[in-house]
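Residues per chain, in single letters:
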Amino acid sequence: MIQSRNSITDIWGEPHPYYGQWPVRVDQSLEAEPDHWVRSACVLCSNGCGLDIAVKDGRIVGVRGRAEDRVNHGRLGPKGLHGWMANNSKDRLTKPLIRKGGTLTEASWDEAMELIVARSKKIMAEQTGLGIGFYTSGQLFLEEYYTLGVIGKAGIGTPHMDGNTRLCTATAAAALKESFGSDGQPGSYTDLDTAETILLCGHNMASQQTVLWSRILDRLAGPHPPKLIVIDPRTTYTAEAATVHLAPRVGTNIPVMNGLLNGVIRSGNIDRDFIDRHTVGYDELVRVVSKWTPEKVEEASGVPAHKLKQAADLLAKTKTLVSTVLQGFYQSMQATAAAVQVNNLHLIRGLIGRDGCGIYQMNGQPTAQNTRECGADGDLPAFRNWSNPQHVEELAKIWNVDVDKVPHWAPPTHAMQIWRYAEQGSIKLLWISGTNPAVSLPELARIRKILDKEELLVIVQDAFMTETAQHADIVLPAAIWGEKTGCFTNVDRTVHLSHKAVDPPGEARSDLDIFLDYARRMDFRDKDGNPLIKWKDAEGAFEAWKECSKGRPCDYTGMSYAKLSGGSGIQWPCNDRYPDGAKHLYTDGIFNTAQSYCETYGHDLDTGAAATEQEYKAHDPKGKAFIKASDYMPPHELPDKAYPFMLTTGRLVYHFHTRTKTGRSKELNEAAPDAYLQISEEDAAKLGVAEGEMVEVESRRGKVTQPVKIGGIEPGLVFIPFHYGYWDDPGRSRAANELTITEWDPVSKQPHFKYSAVKIRKAGQRILDKLEQAVEKVAEAVNIKR
Ligand code: SF4
């Protein structure tokens, strides 16, 4: 293996101190000299690093970061350098499978697709498209999501479409929509090159976006290093580098954010002119946050008052600010409300739409942005508003279907509700593509029960026999990254085109080919009797998407496959006005909130109640951003006598989501082979457990057994990484989501993975307890007889 560094032990690589222009450093990992290189980008997190795939004898043999790419300047992290090995894994799915007599049995594509088509037609005849649901991913390509979106919305006419993006980035989208009128990150990664202060909210960037973190490490080592404020209950790698680390109790992000806003307002360092000219809602914010003094914040969150004051002081004085937000906010109590407060901070200081001032309501998955853009989740394509009749008409026109065919009589169904409908029986066909809900959704015992329901046809489209595929009725073998062509958009709106480098194994097909085949067999037609889906390949789908995106915030009309095959990715909007893409949104202080243009009419952050078209029209902000306030509500489950610990879940640097790919890379797997329970020194001592000792962790919903890892966490709080399921270790209950709660944010509908009350005891202690109880019972019985 030739590689520039051991990225397992040296995660972020050699530093290149700088200010202003991030120096190039090309990382590579090769197991053999390639015949040729193929242009692509990494799909193992939302950073979207540009890379080339090394190919030898029709097989992927490595990757190399692309020096000229605007996102990573050649760098790659451990997942990017080693994740490609999953493509060559021996246990890839190569043939369709159909469950017969309880066993998944090899079948032909014709047999599998005809079965799906026959069942789809039967359900549609009996109960319309409402009987069919799609649960997709943040892993497919733009062209695949758009095709799926058109099939679902204009072919079948079902509102039941969502992605696993509901679990990771729904709050990012919701927060952007609530503040700025539509999805779309205002900033650009280049903001990090000059920012004076960086605020990381519930975002362990050092582990999750390792290349972006290298950019910050290089700034920290250079001239004019930025001040770093980290809000995270755990002492992560990111928190260790902070100027100020605020570690609130889980579920108390709102008190902390309100305290910071209050501190900034009281300092007087607000941009009154920007507030007056470009926002609405400031007075209400002042009213709500004014009671959140540092002392009151300390009482509610445990964050020391002096630390809060220090952070507020930095935020009040900084001339430039980059903020990032991720799962510590998104998967917790008051998710959208807390994420919106970060937007508020930028708005009241006027730190938006210019160099050094970025907000990243981060995405987790590589193509999450495209699920949201293309309408494969609970949104209409190109950030159109389902409750704006004109937007729905536009779509119907583009697709040449009756407007009534496009579901818009109620909000699109979010994933948690799709699973509820499948549980209750109104959804009879659930098509799952590129995701593994049997490990990633909360309360797994319930999810397995739903998947096993006799009357529900479960289709799983994946590259591997995942924990979910094991419960499927039909399994379709899918091609993955490197084996197909398509685009994906990262968190700073940079679009990359990933070219096909090798053939997929066996009979595996791209998700696009599977969806196109389904559309053809279903014979979906437009109003004129022509095929509804008019494209036959990825480039055709991209061209169709461009037309759909025209005039909308995510305008792709200035892009083409040829243009995207240059050295670097390109940011949207890319059109006549911005032929090379736009670095920042909202440079003129005009936001996407005008009634005729906005993606949503907004919600009450506390209840999720949606505003109507009439209500919105009555107070049309006409391009002003919303400042929305919210007061504190405690988490729905708190520790008590029976369940005295608070469990939080999250990710590790070496793995991506449910390890379907990264668990199949020798290097990554050996670096982090198993789940564990992280616990404080004090709590370990109280329980009498030593490092590595097995403990049982039990919530009201399930139980797991984990080895203990001691330190780096506050007393009362414990942590389990959620990556680990059962495909490579079926012997032990270990998936963190056996324990998590089925609750979600009222606005974004994102589940609350970050808090569950649990109890912990030594493994085997239960048997000892039971033995003791049995002995006591025998003794009692003997006494009675005497
Ligand atoms: S930071 Fe993300 S996109 Fe970049 S190499 Fe690592 S996993 Fe891939």
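For the structure, check the block above.
Student: Please explain the sheet that holds strand S10 (residues 197-201) as it appears in this structure.
Tutor: The strands making up a sheet associate through backbone hydrogen bonding, with each pair oriented either parallel or antiparallel. With respect to topology, five strands assemble into an open sheet ordered S12-S11-S10-S14-S15, the strand pairing being parallel. What marks the edges here is a single partner per strand, and that holds for strand S12 (244-246) and strand S15 (358-361). Shown here is a sheet whose adjacent strand axes are inclined to one another by a mean of 10°, direction ignored. Along the sheet face, helix H9 (residues 253-267) touches strand S11 (227-231) and S12 and points at about 145° away from the line of S11. The strands touched by helix H13 (residues 305-317) within the sheet are S10, S11, S12 and strand S14 (321-325), with S12 carrying the most contacts at an inclination of about 120°.

Student: Looking at this model, I keep getting lost on the site of the ligand. Mind explaining?
Tutor: Neighbouring residues of the ligand: Cys42, Leu44, Cys45, Asn47, Gly48, Cys49, Leu76, Gly77, Lys79, Gly80, Thr210 and Val211. Among the residues making up the shell around the ligand, the classes are represented as six nonpolar, five polar and one charged.

Student: Got a minute to help me understand the sheet that holds strand S19 (residues 486-489) in this structure?
Tutor: Taken together, three strands build an open sheet; the order of strands is S19-S20-S21 and the sheet is antiparallel. The open sheet has two free edges, formed respectively by S19 and strand S21 (570-571), since each of these has just one partner strand.

Student: Can you walk me through the packing of helix H3 (residues 142-156) against helix H22 (residues 538-549) in this structure?
Tutor: Running from N to C, H3 and H22 point in directions that differ by 65°, and their axes come no closer than 9 Å. Judged by the inter-axis angle, H3 sits roughly perpendicular to H22. As for the relative orientation of H3 and H22, their crossing is left-handed in sense. For the pair H3 and H22, contact is made by Leu142, Glu143, Tyr146 and Thr147 and by Ala538, Ala541, Phe542, Ala544, Trp545 and Cys548, respectively. Tallied by class, the residues present in the contact of H3 with H22 amount to eight nonpolar, one polar and one charged.

Student: Would you take a moment to explain the pattern of salt bridges for this structure?
Tutor: Opposite charge on two side chains lets them pair, provided their charged atoms get close. Applying the stated criterion to the full structure yields 57 salt bridges. The shortest N-O distance in the salt bridge between Asp27 and Arg25 comes to 2.8 Å. On the basis of relative accessibility, which here comes to 2%, the residue Asp27 falls in the buried class. Close ionic contact of Asp69 with Arg66 constitutes a salt bridge, the shortest N to O distance being 3.6 Å. Grouping residues by exposure puts Asp69 and Arg66 together as buried.

Student: Could you clarify how one ought to interpret the pairing of S10 in this entry?
Tutor: A regular strand places its side chains on the two faces of the sheet in alternate fashion. In terms of burial, S10 is a largely internal element, five of the five residues being buried. Taking every second residue as pointing to the same face, both faces of S10 are buried, with Thr197, Leu199 and Cys201 on one and Ile198 and Leu200 on the other. Of the strand pairs in this sheet, S10 and S14 are connected by five bridges, and their pairing is parallel. When the bridges of S14 are listed, Thr197 appears paired with Leu321.

Student: Looking at this model, I keep getting lost on unusual backbone geometry. Mind explaining?
Tutor: Peptide bonds are, in most cases, trans, and in most cases residues other than glycine have a negative phi. A cis geometry characterises the amide bond from Trp572 onward to Pro573, with omega recorded as 0°. With phi around 65°, Lys749 is a residue other than glycine that occupies positive phi space. Structurally, Lys749 can be placed in the loop between strand S27 (717-721) and strand S28 (756-762). Accessibility expressed as a relative area gives 23% for Lys749, which makes it partly exposed.

Student: Before we go on, may I ask you to explain H3 in this structure?
Tutor: Given 3.6 residues per turn, any residue in an α-helix points the same way as the ones three and four places further on. Helix length check: H3, at 15 residues, gives a terminal C-alpha distance of 20 Å against a target of 21 Å (1.5 Å per residue), a fit within 8%. With its phi angle positive at about 80°, Gly157 sits one or two positions after the end of H3.

Criteria and thresholds
- Residues numbered from 1 in each chain as written.
- Predicted model: local features only at pLDDT ≥ 70, side-chain atom pairs only at ≥ 80, totals over all residues.
- Heavy atoms only, no water.
- Pairing = 2+ DSSP bridges.
- Helix = DSSP H or I, 4+ residues; strand = E, 2+ residues; numbered from the N terminus.
- Axes fitted to C-alpha atoms, helices over the stretch in contact; angles between N-to-C directions.
- Contact = heavy atoms within 4.5 Å.
- Near = heavy atom within 4 Å.
- Nonpolar A, V, L, I, M, F, W, Y, C, P; charged D, E, K, R; others polar.
- Parallel < 35°, antiparallel > 145°, perpendicular 65-115°, else oblique.
- Left-handed = near helix turned anticlockwise from the far one by under 90°.
- Salt bridge = Lys/Arg side-chain N within 4 Å of Asp/Glu carboxyl O.
- Buried < 20%, exposed > 50% of the residue type's maximum accessible area, 1.4 Å probe, protein only.
- Expected span 1.5 Å × (residues − 1).

By themselves these figures say nothing about function.
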